[in-house]
Amino acid sequence: MIVLGIESSCDETAAAIVNDKKEILGEALLSQEEHKAFGGVVPEIAARSHLEHIDSILEQCCQRANIKLQDIDAVAAASGPGLIGGVIVGVMTAKALSIALNKPFVAVNHLEGHALAARITNDVEFPYLLLLVSGGHCQILVVKDVDKYERLGTTIDDAAGEAYDKVAKMLGLGYPGGPAVEKMAASGDETRFSLPRPLIGSSDCNLSFSGLKTAVRKIVETYSPDGELAHADIPAHDVADICACFQYTATDCLCRKLGKAIAYFKQQYPQGKHLVVSGGVASNTYLREKLQVLAEKNGLIFAAPPIRFCTDNGVMIAWAGLERFRKGYTSPLDFKPRPRWPLDNDAPKAAGAGGVKA
């Protein structure tokens, strides 16, 4: 079984071809550079770039896989959630290929691409506990099977990756912010500043990063007499300390809430063996190290996709498409791309923003 996957939900134009032996036959990816000047992704620019480059990305992918498009069994595309202009480009391209090749079309939830990514490179069996953490999403879920998810917690405001990007912007570190903050934090003192841990005392597994981000802003403002952001006036060693304290606190928030989720997971799913992290922030090696310790402490196996498969890519969409296709899930050609598409299909286990009390 061979599946082509297309990803265009944000600022990566990507395609990949995988088979049911977990072999990546070919892949191609273009990360858009146009957004750096704006300090974040501009939806209109992203959509136009996807449209301009999608054909060449598909051509490169097929050349590297050394197969013809007629040889694939299905065409999958990230069909939401995401920036709707980009999502439309990928979905319409996949539908056109589906018609031209007379192959099934598989609409893939972008988040499911992240959720299942670890299964192509690791021996991860259902059910498993997942921390899905990226620039736009931050959720704790039980992955029971393909298309079967139970959400235990979510962010009630900013996603963790979004907070990383905004802190980086305050400090003049550029975009994308996550790698820049991690690099600076490596030489910083993570104990210098005491930062808040929003919702840390709540009994559920929900998260919040807005207050943490604001606390960093207040520190940055102290370096300017008029209270405005003036990152150019902050000494490099102070920037490193701020980054280290922010990274330490954000990671601690994630680990503490995961601790509650693990207790529930082990009780309700005793057969589950793995704690998995995925999404763009899963590229953060500091977070990975802390999660490794947390998993071992609780008798779980830690797993994560290779770093290059944590950020948006075609491989995760192709693999999720394959997992869905072999279970018989295909999509009609009138499927509508979705700017919002919740991954979980179980009712929340506690009142509030959705989460389980542990």
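Residues numbered from 1 in each chain as written. Predicted model: local features only at pLDDT ≥ 70, side-chain atom pairs only at ≥ 80, totals over all residues. Heavy atoms only, no water.

Caption draft 1: Broad picture of the overall build of the protein chain. Secondary structure summary: the protein chain contains 10 helices and 10 strands in total. Principal-axis analysis of the C-alpha atoms places the extent of the protein chain at approximately 65 × 50 × 30 Å. By residue count, 55% of the 358 residues in the protein chain fall in the buried class. In the form shown here, the protein chain has an accessible surface area of approximately 14,900 Å², with 51% of it arising from carbon and sulfur atoms. Looking at charge distribution, the protein chain has the averaged site of its 37 positive side-chain charges lying 6 Å from that of its 42 negative ones. (Helix = DSSP H or I, 4+ residues; strand = E, 2+ residues; numbered from the N terminus. Buried < 20%, exposed > 50% of the residue type's maximum accessible area, 1.4 Å probe, protein only. Areas by Shrake-Rupley, 256 points an atom, 1.4 Å probe, with all protein chains shown as cover. Lys, Arg positive; Asp, Glu negative; His and termini not counted. Charge placed at Lys NZ, Arg CZ, Asp CG, Glu CD.)

Caption draft 2: Representation of the pattern of salt bridges within the structure. Applying the stated rule across the entire model yields 18 salt bridges. Between Arg-308 and Glu-27 there is a salt bridge, with the nearest N and O atoms lying 2.7 Å from each other. Taken together, the residues span a long stretch of sequence, with Arg-308 in the loop between strand S10 (301–303) and helix H10 (314–325) and Glu-27 in strand S3 (residues 24–31) at a distance of 281 residues. Accessibility expressed as a relative area gives 51% for Arg-308, which makes it exposed. Owing to a relative accessible area of 22%, Glu-27 belongs among the partly exposed residues under this scheme. Among the ionic pairs, Arg-119 bridges to Glu-323, the shortest N-O distance being 2.7 Å. Placement of the pair is Arg-119 in helix H4 (residues 118–121) and Glu-323 in helix H10, with a sequence separation of 204 residues. In this structure, Arg-119 and Glu-323 share a single accessibility class: buried. Connected via shared salt-bridge partners are Asp-158, Glu-162, Lys-166 and Lys-213. (Salt bridge = Lys/Arg side-chain N within 4 Å of Asp/Glu carboxyl O.)

Caption draft 3: The side chain of Gln-247, seen in detail. When you line up the elements, Gln-247 lands in helix H8 (residues 236–268). Excluding anything up to four places from it in sequence, Gln-247 contacts Tyr-164, Glu-182, Ala-185, Asn-284 and Tyr-286. (Contact = heavy atoms within 4.5 Å.)

Caption draft 4: Up close: the packing of aromatic side chains. Enumeration according to the criterion identifies four aromatic pairs in this entry. With centroids separated by 4.8 Å and ring planes inclined at 75°, the aromatic side chains of Tyr-164 and Phe-246 adopt a geometry described as edge-to-face. One end of the pair, Tyr-164, is in helix H5 (residues 160–170); the other, Phe-246, is in helix H8, with 82 residues separating them in the sequence. Across this residue pair, the class does not change: Tyr-164 and Phe-246 are buried. Seen from their ring centres, Phe-265 and Tyr-269 are 5.8 Å apart, and the 25° between their planes marks the pair as stacked. Taking the relative accessible area as the measure of exposure, Phe-265 reaches 0% and is therefore buried. You can call Tyr-269 buried: its relative accessible area is 13%. The ring of Trp-341 carries Arg-338 above its face, with NZ or CZ at 4.5 Å from the centroid. (Phe/Tyr/Trp six-rings, centres within 6.5 Å; stacked < 30°, edge-to-face > 60°. Lys NZ or Arg CZ within 6 Å of the ring centre and 35° of its normal.)

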